[in-house]
Amino acid sequence: MSEDILRAAVPMDEDRDINLRPKFLDDFLGQTKIKENLGVFIKAARERSESLDHLFLIGPPGLGKTTLAQITARELGADFKVTSAPALDKPKDLAGILSTISERTVFFIDEIHRLKPAIEEMLYIAMEDYELDWVIGQGAAARTVRIPIPSFTLVGATTKAGMVSSPLISRFGIVQRFDFYASEELAAIIRRSASILNIEADDDAASLMADCSRGTPRVANRILRRMRDFAQVAGSGRITKDIVSAGLDKLEIDFLGLERYDRAILRSIIENFGGGPVGAETLAISIGESADTLEDYYEPYLIQSGLLQRTPRGRTVTEKAYTHLGLQGKRLHADERLLF
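Computed from a predicted model, the values in this text were never measured in an experiment.

The rules behind the values
- Residues numbered from 1 in each chain as written.
- Predicted model: local features only at pLDDT ≥ 70, side-chain atom pairs only at ≥ 80, totals over all residues.
- Heavy atoms only, no water.
- Core = buried A, V, L, I, M, F, W, Y, C linked by side-chain atoms within 4.5 Å.
- Buried < 20%, exposed > 50% of the residue type's maximum accessible area, 1.4 Å probe, protein only.
- Helix = DSSP H or I, 4+ residues; strand = E, 2+ residues; numbered from the N terminus.
- Contact = heavy atoms within 4.5 Å.
- Arc of directions from axis to C-beta.
- 1 Å grid on protein atoms, 1.4 Å probe; cavity = no way out; pocket = protein on both sides within 12 Å on 5 of 7 lines; lining within 4 Å.
- Points joined across faces, edges and corners; volume = space filled by probe spheres on them.
- Nonpolar A, V, L, I, M, F, W, Y, C, P; charged D, E, K, R; others polar.
- Expected span 1.5 Å × (residues − 1).
- Bend = angle between axes of the 7 residues up to and from the residue.
- pLDDT = per-residue confidence, 0-100.

Looking at the nonpolar core
Inference 1: Within the largest apolar cluster, 51 residues are counted, with the highest numbers of intra-cluster contacts made by Leu68, Met209, Ile223, Leu224, Ile239, Val244 and Leu248.
Inference 2: Of the residues forming this core, the biggest block, 6 residues, is contributed by helix H8 (residues 217-234).
Inference 3: Excluding anything up to four places from it in sequence, Val244 contacts Ala205, Leu208, Met209, Met227 and Ile239.
Inference 4: In this structure, Ile58, Ile109, Met122 and Ala126 belong to the second largest nonpolar core, which totals 27 residues.

So, unusual backbone geometry
Inference 1: Cis rather than trans, the peptide bond between Gly276 and Pro277 has omega equal to 5°.
Inference 2: Topologically, Pro277 is positioned in the loop between helix H10 (260-273) and helix H11 (280-287).
Inference 3: In this structure, Gln31 is a non-glycine residue whose phi angle is positive, near 50°.
Inference 4: Tracing the backbone through its elements, the reader meets Gln31 in the segment before helix H1 (32-47).
Inference 5: Given the relative accessible area of 9%, Gln31 is considered buried.
Inference 6: Of note, the phi angle at Tyr130 is positive, near 55°, even though the residue is not glycine.
Inference 7: In this fold, Tyr130 is placed in the loop between helix H4 (117-129) and strand S4 (131-136).

Some details on H11
Inference 1: Residues of H11 that are buried include every one of Ala280, Leu283, Ala284 and Ile287, and no others. All buried residues of H11 fall inside an arc of 100° around its axis, so they share one side. Facing away from the buried side of H11 by over 90 degrees, the exposed positions are Glu281 and Ile285.
Inference 2: Two residues or fewer past H11, Gly288 is found with a positive phi of approximately 75°.

Observations concerning the environment of Phe255
Inference 1: One can find Phe255 in the loop between helix H9 (241-250) and H10.
Inference 2: For the pair Phe255 and Ala210, spaced 45 residues apart in the sequence, the C-alpha separation amounts to 9.9 Å.
Inference 3: When near neighbours in sequence (up to four residues on either side) are disregarded, Phe255 contacts Asp211, Cys212 and His324.

Concerning the layout of surface pockets
Inference 1: The computed volume of the second largest pocket comes to approximately 380 Å³.
Inference 2: In this structure, the second largest pocket is lined by 16 residues; those nearest its centre are Pro60, Thr159, Glu295, Pro300 and Arg310.
Inference 3: Counted by class, the lining of the second largest pocket contains 7 nonpolar, 4 polar and 5 charged residues.

Observations concerning the environment of Asp203
Inference 1: Mapping Asp203 onto the fold places it in helix H7 (residues 203-211).
Inference 2: As a C-alpha pair, Asp203 and Thr240 span 37 residues in sequence and 8.4 Å in three-dimensional space.

Quick notes on H10
Inference 1: The end-to-end C-alpha distance of H10, which contains 14 residues, comes to 19 Å, matching closely the 20 Å that a straight helix rising 1.5 Å per residue would cover.
Inference 2: Considering bend angle alone, the principal kink of H10 is centred on Arg267 and spans about 25°.
Inference 3: Within H10, burial applies to Asp262, Arg263, Ile265, Leu266, Ser268, Ile269 and Ile270.
Inference 4: Turning to H10, the residues buried within the fold contact H11, helix H12 (291-304), strand S8 (308-311), strand S9 (314-317) and helix H13 (319-325).
Inference 5: Immediately beyond the C-terminal end of H10, within one or two residues, lies Gly274, with a positive phi of roughly 60°.

Overview of the confidence of the model for the chain
Caution is warranted with low-pLDDT regions, since their predicted coordinates should not be read in detail.
Inference 1: In the predicted model, the chain carries a mean pLDDT of 84, and the fraction of residues at 70 or more is 88%.
Inference 2: Counting contacts from residues 332-340, a segment whose pLDDT is below 50, to residues more than four positions away or on other chains yields 0 contacts.

Encoded structure:
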């Protein structure tokens, strides 16, 4: 079987320091409600020596869905297998994985909203009855046989819950939605990561990095690594508030965590489209990005920060965006033009 389809280990992403991932629920910081509920479900399944009910994780990228799936397998004492929906090209790919799993295995499918219909249909039966439908022969001689498979836990993760079909969602017994992290939670994550990486970081420096991390642990760890570089080259090796302030200026990250493209999106709506509304495709073209990148990476945080709104007619900026960019005067002028 192709290594692109199945990997026994968690895939490497932009968090190159893979040891920064927490290994157990107690080490997982933030998402308190999810953690508490999942801890109960895992303990109950373990005491009954059963596989955990299928788990559906929803949330923007970088909030810890893959990490939580791996923790779930470790807490259950079960095998962990991982793939992504685009890697499952044909039903035989899914059948090949499920026919080789052991009892109570945790099977993680990332970006599950991108499953092909034929594979999704096969997955329905596997999730409910722990059997695989397989067609033997061709033409008039073709017949379907059901192959039993061990009970397992499917963990599906998605950044676009609205694109997952209702029949698939209904087969998950546990559905958890991730929220963006609070600054205090991110500061604690940064301090934990700094201790693992043997970096000295002041508390006020950790708080400043947390404020600029877009509510996302992946971004927080990325900023920490960059500040480590600045502290090593331009400082004494210790991350201080001054080092962080200077480093963020060089990276063009402001105090709200907005990067250059975030500000470009807001400025494009204001300067090119009169503050909106403007469609996603048009806006993406105006900043030289794809619509998917705009909707998946940039928009969630801009909306969460109260800088951008989605309306039935398109995207519009808020008063807070004008204030943040220092464009209050331009907003007043635009409003006056509309009046007259």
